[in-house]
Amino acid sequence: MSKLVYYLFYALSLLPFGMLYALSDCFYVLVYHVARYRRSIVHENLSTAFPEKSSEEILKIEHEFFHWLCDYFVEAIKLLSISEKELRRHFTITNSEEIEACFQSGQNVAAILGHYCNWEWLSTVGIDLPKERKMGLIYKPLSSDIFDYLFIRLRSHLGGVPVPKNDILRYLVKYRKDGIMNFFGYISDQAPKWEDIHLWLPFLNHDTPVFTGAERIMRKMNNAVYYVEMSRPKRGQYVCTYHLITKSPSSLPEHEITRRFFAMLEATIRRNPSYYLWSHDRWKRTHEEFDRRFKVEHGRVLER
């Protein structure tokens, strides 16, 4: 079944961008007006993140978000068959030479990013680096085996290495042992489970629980750490820019990398809110409920 679904989506990916975006416009009508997919969550998230905006401004962002979300889906599917030449016409990577300079100095790189613009396309940034480099994206396996297989295929089509989050240290240790320079991306703005909450930060007008596991790995591996910012100048065009956070993670206070990342991500989102993943219910866990139900002892989160 997984392969059958893959072949169906592969056939869809062969369509030119113009036809894919026409399909996306149809999907928008179905998703927004018919299925009303997570509209209440999106509206609540936008309204509480931007209390200074009028209801008309919030509604405009809401419509733009759902248009982009449908574009995200067809653009992701396009990765199943897109050639490197065609991808370069739609995706600009501005400063890969900084990443290669880290490799030349003997330091591996960690990229930290959020669910902004089409993060699936970031699995292809290795096209701008020498072929012997390994570029991977750490992900949480999907509950559906069919769609998990599909996303593994699209993330690896142009040389990306998709790695389940629980396996990343094994990969990093092996690459270091084998002398393979590598560059892995950590999507770090998901909502952690209660037992994984070790830090709360102000983010988009909310007291927000955040993951700190990526930072711990970066410190352990002594990676150069970059924030990966994506922008979308127009439909069908993305730009990726690397912003250095630190080349010496152990020199920073604990959680400082995570704090800087969320500050930089918020600045990106505020410049154009439409391309953030507002359909995720990331503020369903509150600090007040956490303090009432849990306590932290010796770095572990325990129920009271």
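The text that follows walks through the structure, step by step, so that each part is easy to find. (Residues numbered from 1 in each chain as written. Predicted model: local features only at pLDDT ≥ 70, side-chain atom pairs only at ≥ 80, totals over all residues. Heavy atoms only, no water.)

**Considering helix α2 (residues 17-34)**
Operational definition: Counting from the N terminus, the helices are DSSP H or I runs at least four residues long and the strands are E runs at least two residues long. To estimate the expected span of a helix, count its residues, drop one, and scale the result by 1.5 Å. Two residues qualify as a contact provided that any one of their heavy atoms is within 4.5 Å of a heavy atom in the partner residue.
An ideal rise of 1.5 Å per residue puts 26 Å on 18 residues; α2 measures up with 25 Å between its terminal C-alpha atoms. Looking at the buried positions of α2, the neighbouring elements they touch are α1 (2-13), α3 (39-49), α4 (55-78), α5 (84-90) and β8 (224-234). Of the residues one or two after α2, R36 is the one with positive phi, at around 55 degrees.

**Regarding the sheet that holds β8**
As a reminder of what qualifies: Here, any two strands with at least 2 DSSP bridges between them count as paired. For helices, the fitted axis covers only the stretch in contact; all axes are lines through C-alpha atoms, and the angles between them, taken along N-to-C directions, range from 0 to 180 degrees.
With mixed pairing, seven strands are arranged side by side in an open sheet as β1-β9-β8-β2-β5-β3-β4. Every interior strand has two partners, whereas the edge strands, β1 (91-93) and β4 (161-164), have only one. Looking at each pair of strands side by side, their axes are set apart by 30 degrees on average, direction ignored. Sheet analysis places strand β3 (residues 134-139) next to strand β5 (residues 182-187), joined by five bridges and oriented parallel. Residue pairing in the sheet places I138 in a bridge with Y186 of β5.

**Some points on the packing of aromatic side chains**
The line we're drawing: Each Phe, Tyr or Trp ring (for Trp, its six-membered ring) is paired with any other whose centre lies within 6.5 Å, and the angle between the two planes then decides the class: stacked below 30 degrees, edge-to-face above 60, tilted in between.
In total, this model carries 34 aromatic pairs according to the counting rule given. On the basis of an interplanar angle of 70 degrees and a centroid distance of 6.2 Å, the ring pair of Y171 and Y175 is categorised as edge-to-face. Of this pair, Y171 and Y175 both sit in helix α8 (residues 168-178), four residues apart, which is roughly one turn of the helix. Look at F261 and F262: their rings are 4.9 Å apart centre to centre, the planes differ by 65 degrees, and that puts the pair in the edge-to-face class.

**Digging into the pairing of strand β2 (residues 109-113)**
Under the convention used in this document: Three labels apply to residues, based on accessible area from a 1.4 Å probe with only protein chains included: buried if under 20% of the type maximum, exposed if over 50%, partly exposed otherwise in between.
Among the five residues that make up β2, five are buried, leaving the element largely enclosed by the rest of the structure. Covered by surrounding structure in β2 are V109, A111 and L113 together with A110 and I112, the residues of both alternating faces. The pairing of β2 with β5 spans five bridges and is classified as parallel. Within β5, the residue paired with L113 across the bridge is I187. Both β2 and β8 contribute to a ladder of four bridges, which runs parallel. The partner of A110 across the bridge, within β8, is V225.

**Concerning the environment of G18**
Position of G18 relative to the elements: it lies in helix α2. A sequence separation of 218 residues divides G18 from G236, and the C-alpha atoms of the two residues are 9.1 Å apart.

**Digging into the nonpolar core**
Worth spelling out the cut-off: Definition of nonpolar core: a set of buried residues of the types Ala, Val, Leu, Ile, Met, Phe, Trp, Tyr and Cys, connected through side-chain atoms within 4.5 Å.
Counting residues in hydrophobic clusters, the biggest one holds 90 residues, and the most contacted among them are F91, F183, Y186 and W278. In terms of residue count, the dominant contributor to this core is α4 (ten residues). Excluding residues that lie within four positions of it along the chain, F183 makes contacts with I99, F103, V109, A110, A111, V125, L129, K134, M135, G136 and Y242. Judged by nonpolar contacts, the second largest core, of six residues, contains W194, W200, F290 and F294.

**With respect to a nonpolar patch on the surface**
Spelled out, the test is: A patch is a set of surface residues, each over 30% in relative accessible area and not in a salt bridge, joined within 9 Å for like charges and within 5 Å for the nonpolar side chains Val, Leu, Ile, Met, Phe, Trp and Tyr. Accessible surface area values rest on a Shrake-Rupley calculation with a 1.4 Å probe, where residue burial reflects the displayed protein chains alone. Take a side-chain nitrogen of Lys or Arg and a carboxyl oxygen of Asp or Glu: if they are within 4 Å of each other, that pair is a salt bridge.
Side chains of V29, L30 and V34 sit close together on the surface and give an oily, nonpolar patch of about 270 Å² of accessible area. Relative to the assigned elements, V29 resides in helix α2. Since its relative accessible area comes to 41%, V29 is described here as partly exposed.

**Re the state of the cysteines**
As a reminder of what qualifies: Two cysteine sulfur atoms make up a disulfide if the distance between them is within 2.5 Å.
Enumeration over the complete set of coordinates arrives at zero disulfides. Unpaired in terms of disulfides, C102 finds its nearest cysteine sulfur in C240, a separation of 14 Å. Note on C102: relative accessible area 1%, which makes it buried. Here C240 stays unpaired: no disulfide links it, and the sulfur of C117, its closest cysteine neighbor, is 10 Å away.

**Details of the side chain of R285**
Filter applied, for reference: Counting rule for charge: Lys and Arg are taken as positive, Asp and Glu as negative, and neither His nor the chain ends is counted. Whenever a nitrogen or oxygen atom comes within 3.5 Å of another N or O atom, the pair is scored as a polar contact, on the condition that within protein one atom can donate a hydrogen and the other can accept it, and that pairs from neighbouring residues in sequence are kept only if both atoms are in side chains.
Note on placement: R285 falls in the loop between α10 (256-271) and α11 (287-293). Despite its burial, R285 remains without a salt bridge, the nearest opposite charge being carried by E195 at 7.0 Å. A distance of 3.0 Å separates a polar side-chain atom of R285 from the backbone oxygen of P192.

**Topic: the packing of α2 against α4**
Which entries qualify depends on this criterion: Roughly parallel means an angle under 35 degrees; roughly antiparallel, over 145; roughly perpendicular, 65 to 115; everything else is oblique. The crossing is said to be left-handed when, going from far helix to near helix, the turn is anticlockwise and less than a right angle, and right-handed when the turn is clockwise. Charged residues are taken to be Asp, Glu, Lys and Arg, nonpolar residues to be Ala, Val, Leu, Ile, Met, Phe, Trp, Tyr, Cys and Pro, and polar residues to be all remaining types, Gly included.
Two elements in contact, α2 and α4, have axes separated by 9 Å at closest approach and are oriented at 130 degrees. Taken together, the axes of α2 and α4 are oblique relative to one another. Judged by the twist between their axes, the crossing of α2 over α4 is right-handed. Across the interface between the two elements, F17, L20, Y21, S24, D25, F27, Y28, V31 and Y32 from α2 touch L59, E62, H63, F66, H67, C70, D71, F73, V74, E75 and K78 from α4. Residue composition of the contact of α2 with α4, by class: twelve nonpolar, three polar and five charged.

**Quick notes on helix α7 (residues 145-156)**
The condition that has to hold: Read the arc as the range of directions from the helix axis to the C-beta atoms.
The terminal C-alpha atoms of α7, which comprises twelve residues, lie 17 Å apart, in line with the 16 Å expected from a rise of 1.5 Å per residue. By the burial criterion, the buried members of α7 are D148, L150, F151, L154 and R155. The buried residues of α7 occupy one face: seen down the axis, they fall within an arc of 160 degrees. At its buried positions, α7 is contacted by α1, α4, β3 and β4.

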